[in-house]
Amino acid sequence: MVDMKNELEGKVAIVTGSARNIGRTTVEELARAGASVVVNSVQARDLCEKVAESINASGGKAIVAMADVRDPEQVDAMANAATDAFGGIDIVVHNAAVRSNQSFLDLNHETFSHIIDLSIHGCFHLAKATTPSMIERGGGNFIGVGGMTSLKGVKGRSHVMAAKMGLNAFIRGLALDLAEHNIRANQAVVGHYETVREGNPSSAPQRAATDSRAPLGRKGVPQDMANLIRFLVGPGASYITGQTVHSNGGAYLNL
């Protein structure tokens, strides 16, 4: 039987894009599970510091590492900061993303490349920077946060769909190439969720709203994804790798 209380004690986790929403809730959940955590964003330092302060005040261990995952030097610096502070790295959750809706007819190459760089190249840089530590520590976990949009298809999001499907394939490749080192890699896919969009306070979630697209009759909340990710990186999922796992209240059944 696996003890699921403080099951990540002694582990070190980096969660990209963890200043708000799913990323923040995930980094807080991993800290509650006992992991020392790195809170990351590309620009929201004040929010990251608040998250880290809250975790530390609750008895956890957290540092802030600002980094653009598209830049390998910044990613290396973040990995080094994690190692200097906590001794190594065991878990990487690649959650950093940009919400973007734009018709292909209006889409330029710069925007397309930005989304691809963030999801796929970002994960590549993270894996290159952290895999050596995972191997040295006897294993580890990668989680790519995907979106149901990439599987369902949504008008105006061809660039996002391409990026998330590419991330899905790359995660499966990591699972195959790194299994011999006891490193697992899975993709956790978010469905229709209540989150607050950056710079738009009016988008705050309306808790009473239901979502008929999900058989469970509601939108997801960040804690739903955090719970899934905590499970996937923990000892209870030790035989799960290379998988795409959905958290969407059954909405994928209605595609």
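Before reading on, note that the structure itself is shown above.
Looking at the pattern of salt bridges
In step 1: Taken as a whole, this structure holds eight salt bridges when the rule is applied.
In step 2: Of the charged contacts in the structure, one is a salt bridge between E29 and R230, with a shortest N-O distance of 2.6 Å. With E29 in helix α1 (residues 21-32) and R230 in helix α7 (residues 222-233), this residue pair connects regions lying 201 residues apart in the sequence. A single burial state applies to E29 and to R230, both of which are buried.
In step 3: Linked by salt bridges that have partners in common, E7, E29, R32 and R230 make up one network.

So, the packing of helix α4 (residues 109-136) against helix α6 (residues 158-178)
In step 1: For the pair α4 and α6, interaxial distance at closest approach is 8 Å and the crossing angle is 15 degrees. Viewed along their axes, α4 and α6 adopt a mutual orientation that is roughly parallel. The handedness of the crossing between α4 and α6 is right-handed. Taking contact as the criterion, the partners of T111, F112, I115, I116, S119, I120, C123, F124, A127 and T131 in α4 are, on α6, H159, V160, A162, A163, K164, G166, L167, F170, I171, L174 and L178.

A few points about the pairing of strand β1 (residues 12-15)
In step 1: Residues V12 and I14 line one face of β1 and the alternating positions A13 and V15 line the opposite face, and both faces are buried.
In step 2: Relative to strand β2 (residues 36-39), β1 runs parallel, the two being bridged by four bridges. Bridge pairing in β2 places V12 opposite S36.
In step 3: Crossover β1 to β2 through α1 is right-handed.

Thoughts on the sheet that holds strand β4 (residues 91-94)
In step 1: Strand order across the open sheet formed by seven strands is β3-β2-β1-β4-β5-β6-β7, with parallel pairing between neighbours. Looking at the sheet topology across the chains shown, the edges are occupied by β3 (61-64) and β7 (244-247). Neighbouring strand axes in the sheet, compared pairwise and without regard to direction, differ in orientation by 20 degrees on average.
In step 2: Against the sheet, helix α2 (residues 45-57) engages β2 and β3, with an angle of about 165 degrees to β3.
In step 3: The strands touched by α4 within the sheet are β1, β4, β5 (140-147) and β6 (183-190), with β4 carrying the most contacts at an inclination of about 175 degrees.

Some thoughts on the side chain of N168
In step 1: You can see N168 is positioned in helix α6.
In step 2: What makes N168 buried here is its relative accessible area of 6%.
In step 3: Look past the residues within four positions of N168 in its chain and what remains in contact with it is Q187 and T244.

Comments concerning the environment of R213
In step 1: In this fold, R213 is placed in the loop between β6 and α7.
In step 2: By relative accessible area, which is 43% here, R213 ends up partly exposed.
In step 3: Counting along the chain gives 22 residues from R213 to G191, while the straight-line C-alpha distance between them is 9.9 Å.
In step 4: Setting aside anything within four residues of it in sequence, one finds R213 in contact with H192, A251 and N254.

Thoughts on a nonpolar patch on the surface
In step 1: A contiguous nonpolar patch, built from L151, M165 and Y252 and spanning about 240 Å² of accessible area, is present on the exposed surface.
In step 2: Among the secondary structure elements, Y252 is positioned in the segment after β7.

Calculation criteria
- Position numbers for residues start from 1 in each chain and track the written sequence from start to end.
- For this predicted model, a pLDDT threshold of at least 70 governs which residues receive local features, and a threshold of 80 or more governs which side-chain atom pairs are given and counted, while totals over whole chains, interfaces and linings are taken from all residues.
- Hydrogens and water molecules were not included; the side-chain quantities draw on all heavy atoms of the structure.
- The salt bridge criterion pairs a side-chain nitrogen of Lys or Arg with a carboxyl oxygen of Asp or Glu, the two atoms within 4 Å.
- Labels follow the DSSP assignment, with helices taken as runs of H or I lasting at least four residues and strands as runs of E lasting at least two, numbered in each case from the N terminus.
- Remark: exposure states derive from per-residue accessible area (1.4 Å probe, protein chains only) relative to the maximum for the residue type, with buried under 20%, exposed over 50%, and partly exposed in between.
- Between the N-to-C directions of two axes lies an angle of 0 to 180 degrees, each axis being a line fitted to C-alpha atoms and, for a helix, fitted only over the stretch in contact.
- Here the word oblique covers every angle except those under 35 degrees (roughly parallel), over 145 (roughly antiparallel) and from 65 to 115 (roughly perpendicular).
- If you view the pair so one helix is near and one far, a crossing is left-handed when the near helix is turned anticlockwise from the far one by less than a right angle, and right-handed when it is turned clockwise.
- Any pair of residues with heavy atoms lying within 4.5 Å of one another is described as a contacting pair.
- The criterion for strand pairing is that DSSP finds at least two bridges linking the strands in question.
- Think of it like this: strands point away, you trace from the first strand over the helix to the second, and a clockwise trace means the crossover is right-handed.
- For patch detection, residues must exceed 30% relative accessible area and be free of salt bridges, and they are connected within 9 Å for like charges or within 5 Å for nonpolar side chains (Val, Leu, Ile, Met, Phe, Trp, Tyr).
- Each accessible area is a Shrake-Rupley result for a 1.4 Å probe, and residues are judged covered by the shown protein chains and nothing else.

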